Amino acid sequence: DVKVTQSSRYLVKRTGEKVFLECVQDMDHENMFWYRQDPGLGLRLIYFSYDVKMKEKGDIPEGYSVSREKKERFSLILESASTNQTSMYLCASSVRVTPSTDTQYFGPGTRLTVL
Amino acid sequence: AQKITQTQPGMFVQEKEAVTLDCTYDTSDQSYGLFWYKQPSSGEMIFLIYQGSYDEQNATEGRYSLNFQKARKSANLVISASQLGDSAMYFCAMSDTNAGKSTFGDGTTLTVKP
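What counts, and at which threshold
- Residues numbered from 1 in each chain as written.
- Chains lettered and ligands numbered in written order.
- Predicted model: local features only at pLDDT ≥ 70, side-chain atom pairs only at ≥ 80, totals over all residues.
- Heavy atoms only, no water.
- Helix = DSSP H or I, 4+ residues; strand = E, 2+ residues; numbered from the N terminus.
- Rg over C-alpha atoms; globule rule 2.2 N^0.38 Å.
- Buried < 20%, exposed > 50% of the residue type's maximum accessible area, 1.4 Å probe, protein only.
- Contact = heavy atoms within 4.5 Å.
- Areas by Shrake-Rupley, 256 points an atom, 1.4 Å probe, with all protein chains shown as cover.
- Lys, Arg positive; Asp, Glu negative; His and termini not counted.
- Charge placed at Lys NZ, Arg CZ, Asp CG, Glu CD.
- Disulfide = S-S within 2.5 Å.
- Pairing = 2+ DSSP bridges.
- Axes fitted to C-alpha atoms, helices over the stretch in contact; angles between N-to-C directions.

1. Concerning the overall build of chain B
Item 1. Assigned secondary structure in chain B consists of zero helices and 12 strands.
Item 2. Starting at the N terminus, the α and β elements of chain B follow one another as β-β-β-β-β-β-β-β-β-β-β-β.
Item 3. The globule rule puts the C-alpha radius of gyration for 114 residues at 13 Å, and the 14 Å found for chain B is close to it.
Item 4. For the C-alpha atoms alone, the extent of chain B along its principal axes is close to 40 × 30 × 20 Å.
Item 5. Scored against the burial criterion, the 114 residues of chain B give a buried share of 46%.
Item 6. Within chain B, contacts between residues at least 6 apart in sequence are counted, and of these 53% link residues at least 24 apart.
Item 7. Summing over all exposed atoms, chain B offers an accessible surface of approximately 5,400 Å²; the carbon and sulfur share of this is 47%.
Item 8. Averaging the coordinates of the 9 positive side-chain charges in chain B and doing the same for the 12 negative ones gives two points 4 Å apart.

Here it is as structure tokens:
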């Protein structure tokens, strides 16, 4: 079974703090993704990566950065957390066979609250 | 640009009955994939079923089936014999031929009544 883990289920941070969200997958998947999920707005793609050290901006990259130093790990970084970044963050991974068939497998999510 | 539309914000079904969750999509791609995910209140997104645009038969996975009507650009999820554990939010998604990104609908909340 595919296993995608995220470092925290719940996280509370202060405005201005630097926040790291970690995601690890154990299936040797090439693609990894970070989404945020907000009520009424669905899932929105923040960043994705299709290889080590490669990253692409998604739909809402502002205020975020990412790091992928190893194939299994994809980190989302909030350089200076703000209250409008309070959200549910979901990490996903997929194997790259053909883009139209790549099923994404998700981690359990991190509920981040910025005070 | 791709778009997924789920027109039912909430649905109710009686236990043991079948239910259909609607999904329509828009794309100019010839090759694409359609997915359904389940998200229980715990938050984790669980992959349910996949349909490729060139697949001639509707996909089935246990109690889940995908009613794929390509000409109408619809990919409805059918859950047979609903169970209380099926209560969750359900998302329809479409893969992008560019680097495997997916576009998600806004979701449908399904409540199964005993």
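Once you've had a look at it, read on.
2. Overview of the state of the cysteines
Chemically, a disulfide is nothing more than a covalent bond linking the sulfur atoms of two cysteines.
All names here are of chain A.
Item 1. Using the criterion set out here, one finds two disulfides over all chains in the structure.
Item 2. The disulfide that involves C23 links it to C91, with 1.8 Å between the sulfurs. Classification of the bridge connecting C23 and C91 rests on its S-S torsion, roughly -75 degrees, and on that basis the disulfide is left-handed. Placement of C23 in strand β3 (residues 19-25) and of C91 in strand β9 (residues 87-94) is noted, with a sequence separation of 68 residues between them.

3. Quick look at the sheet that holds strand β8 (residues 73-78) of chain A
Residues and elements named next belong to chain A.
Item 1. Here four strands make up an open sheet; going across it, the order is β1-β3-β8-β7 and the pairing antiparallel. Each edge of the open sheet carries a strand with a single partner, namely β1 (4-6) and β7 (65-70). Between one strand axis and the next, the sheet turns through 20 degrees on average, direction left out of account.
Item 2. Note: β7 against β8, four bridges, orientation antiparallel.

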